[in-house]
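These are the residues of each chain, in order.
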Amino acid sequence: AGPWSLYQVTGDRELLQPLYERTLRSLQRAERDAFNPKLGLFSGCASFMESDSSYPKQYADNGPKLAKTFALSTCLLYYRGYVIAADAGVLLGEDVHSLRQKAARLKDAINRQFWLPEKGYYAYFLDENGVLNPRMEGLGEAFAILTGVANLQRAKQILRSTPTTPWGFPCLWPQFEEWKSYRTDFAHYYHNGMIWPFVQGYWAWAAAVAKDGPTFGRELDAMVKLSEKNDTFMELYHPEDGKPDGSPRQLWSASGFLSTIYHGLFGMGFEPDGIRFAPVVPEQFKQLSLAGVQYREARLNILVQGSGTEVREFKLDGKKQHKPFFA
């Protein structure tokens, strides 16, 4: 998704052909090696959570067994891959009908296989025997909303129902009891319900997309409080006390915070032909400004007045516009 996001911001069409070709080849290889036609899902561990602490103990040091499971976030990344390849293909004049079909089928399978109606959010993973693990996976819940796999009604339910912690949104919850000790090696607890700022950033972005002001505001406050724990953004933080842990100077942690500012507070949604603005501003903010934002050939100074989730008026160079969009 990185090159596609870069294209949306820069408009550089030279990115499109390699993006399309490489994404297509990656999907074809995954269809060969990881796709289960019976379930309609892709197998593999959850996105960035490859450690023993992110799964029950029976999977510890057992890659072949873990490879037979199906994780929410990983399947959503494949779905996003199909969508990006199709969107890039359209701009290149390619026939993307089969990509759209595969994306639609995968979306249906995710909703059919992972949704937990009694909990109001998606399950973490489907094990090798077809049994759902009912924990929530933070990145997966956020991806479900951001990709549109969860419709708006379901997105709002996810944002209401998904468990969190006083220090921010965790990477999974509840924690696995077998990995809760911090007296063991770092690698044996660091995915067990820890707070990763880049996951928080996606969750806050998802809340902004669904116009859930309270959830967005809580996550923004939590990220600010965590940032004050140290003189740098850390890799992760403990859920019970916000203690910093892992490596310092983490760019993806800082990027998660910046995403909350750009995508949330200022509501910047980058599209192939411009920026759509949909700010989500908590009540404590009455006026916000962001100066010198470089966007393609323009340099933007953005001013947001008031709070809430609806744009009442949008001006460009002092002139009222019909919609909150800059092209």
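Each chain carries its own residue numbering, running from 1 in the direction its sequence is written. Totals for whole chains, interfaces and linings use all residues, but because this is a predicted model, local features are given only for residues with pLDDT of at least 70 and pairs of side-chain atoms are given and counted only at 80 or more. Hydrogen atoms and water are omitted, and side-chain values are computed over all heavy atoms in the structure.

Trainee: Now, about the packing of aromatic side chains: what can you tell me, with residues and values included?
Mentor: In this scheme Phe, Tyr and Trp rings, the latter by its six-membered ring, pair at centre separations within 6.5 Å, and the angle between planes marks the pair as stacked below 30 degrees, edge-to-face above 60, and tilted otherwise. Counted according to the given criterion, the structure contains 28 aromatic pairs. An angle of 65° between the planes, with centres 5.9 Å apart, marks the rings of tyrosine 55 and tyrosine 59 as edge-to-face. Residue tyrosine 55 shares its accessibility class with tyrosine 59, and that shared class is buried. Between phenylalanine 198 and tyrosine 202, the aromatic rings sit 6.4 Å apart at their centres with planes inclined by 80°, giving edge-to-face as the arrangement. Of this pair, phenylalanine 198 and tyrosine 202 both sit in helix α8 (residues 197-209), four residues apart, which is roughly one turn of the helix. The structure contains a cluster of three or more aromatic residues connected by ring pairs, namely Phe48, Phe143, Tyr182, Phe186, Tyr189, Tyr190, Trp196, Phe198, Tyr202, Trp205 and Trp252. Our definition puts a charge over a ring when NZ of Lys or CZ of Arg is within 6 Å of the ring centre and also within 35 degrees of the ring normal. A cation sits over an aromatic face here: lysine 65 above tyrosine 59, 5.2 Å from the ring centre. In this structure, arginine 154 is placed above the aromatic ring of tryptophan 115, and the distance from its NZ or CZ to the ring centre is 3.9 Å. Exposure is judged per residue with a 1.4 Å probe applied to protein chains only, and the accessible area is read against the type maximum: over 50% gives exposed, under 20% gives buried, and values in between give partly exposed. In this description a helix means any DSSP run of H or I spanning at least four residues, a strand means any run of E spanning at least two, and both kinds are numbered starting from the N terminus.

Trainee: Can you lay out helix α7 (residues 152-161) for me, pointing to particular residues and giving the numbers?
Mentor: Those residues of α7 that fall on the buried side of the exposure criterion are Ala155, Ile158 and Leu159. The arc that holds the buried residues of α7, viewed along the axis, is 95°, so those residues lie on one side. The exposed residues of α7 that point more than 90 degrees off its buried face are Gln153 and Arg160. Whether two residues touch is decided by their heavy atoms; if any such pair falls within 4.5 Å, the residues are in contact. Buried residues along α7 sit against β4 (115-116), β5 (121-122), α6 (138-146), α8 and α9 (213-227). When we speak of the arc, we mean the arc of directions from the helix axis to the C-beta atoms.

Remember that the coordinates give geometry; whether it matters functionally is a separate question.
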